[in-house]
Amino acid sequence: QVQLVESGGGLVQPGGSLRLSCAASGSVFSINAMGWYRQHPGKPRELVATITSGGRTNYADSVKGRFTISRDNAKNTVSLQMNSLKPEDTDGYYCYINTGGRPGGYDYWGQGTQVTVSS
C-alpha cells in the first residue's frame, strides 16, 4: 500500500505564488514518475506537470514558464512551485505517482489539495 500526502494548497491573490508538495510513503519499491494533475469542474482531470525519476519534465502549455516541478528521489517527494498564479488556476490539485513492480507500473493518486486564486 502506497499513500500520498499533499500539502501547500490555499488561498492566494492573482500574481502570487504557492508551493505544493507531495510525499509518498508505504510500500514504495521504485518510482517511475511523479506529477500533478488538476481537475476543472465539468472537465476531465488535466495534466499540469510531470517529472520522471531521471529528471525529464513535461508541462501543460497553460503553465509553462510559470510552474516548476521538482523531485527528491531520496525522500519520495515531488513539489510544484506555482508562480504568477491566475484565477484560472483555481482547482483541486492531485498528486500522482507511477511506481515500479510490474510492466506499466502502478498508479497512485493523492486526495487533492485546493488551490484558490482570488483577490
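So, here is what we can say about the structure in this document.

What counts, and at which threshold
Residues numbered from 1 in each chain as written. Predicted model: local features only at pLDDT ≥ 70, side-chain atom pairs only at ≥ 80, totals over all residues. Heavy atoms only, no water. Pairing = 2+ DSSP bridges. Helix = DSSP H or I, 4+ residues; strand = E, 2+ residues; numbered from the N terminus. Axes fitted to C-alpha atoms, helices over the stretch in contact; angles between N-to-C directions. Phe/Tyr/Trp six-rings, centres within 6.5 Å; stacked < 30°, edge-to-face > 60°. Buried < 20%, exposed > 50% of the residue type's maximum accessible area, 1.4 Å probe, protein only. Lys NZ or Arg CZ within 6 Å of the ring centre and 35° of its normal. Disulfide = S-S within 2.5 Å.

**Some remarks on the sheet that holds strand β8 (residues 77–82)**
Spatially, four strands are ordered β1-β3-β8-β7 in an open sheet, and the strand pairing comes out antiparallel. The sheet is open, and its two edges are formed by β1 (2–7) and β7 (67–72), each paired on a single side. Between one strand and the next, the sheet's axes are offset by a mean angle of 15°, whatever the strand orientation. Bridge count for β7 against β8 is six bridges, and the pairing is antiparallel.

**Some thoughts on the packing of aromatic side chains**
Within the structure shown, the criterion is met by three aromatic pairs. Aromatic side chains Y37 and Y96 sit 5.7 Å apart centroid to centroid with 70° between the ring planes, which places their arrangement in the edge-to-face category. Here Y37, found in strand β4 (residues 31–39), pairs with Y96, found in strand β9 (residues 91–99); they are 59 residues apart in sequence, far enough to count as distant. Residue Y37 is classed as buried on the basis of its relative accessible area of 17%. A relative accessible area of 12% places Y96 in the buried class. Summarising the aromatic geometry, the rings of Y37 and W109 are spaced 5.0 Å apart at their centres and angled 70° between planes, so their arrangement reads as edge-to-face. Here Y37, found in strand β4, pairs with W109, found in strand β10 (residues 106–109); they are 72 residues apart in sequence, far enough to count as distant. Between R45 and the ring centre of Y94, over which it is positioned, the NZ or CZ distance is 3.8 Å. The residue whose ring lies beneath R102 is Y106, and the NZ or CZ to ring-centre distance is 4.1 Å.

**Some remarks on the state of the cysteines**
By the definition in use, this model includes one disulfide. Residue pairing for C22: its cysteine sulfur links by disulfide to C95, the two sulfurs lying 2.0 Å apart. On the sign convention where negative is left-handed, the bridge of C22 and C95, at about -90° about the S-S bond, is left-handed. Of this pair, C22 sits in strand β3 (residues 18–26) while C95 sits in strand β9, and the two are 73 residues apart along the sequence. No difference in accessibility class separates C22 from C95, as the two residues are buried.

Spatial relationships are all this shows, so hold off on functional conclusions.
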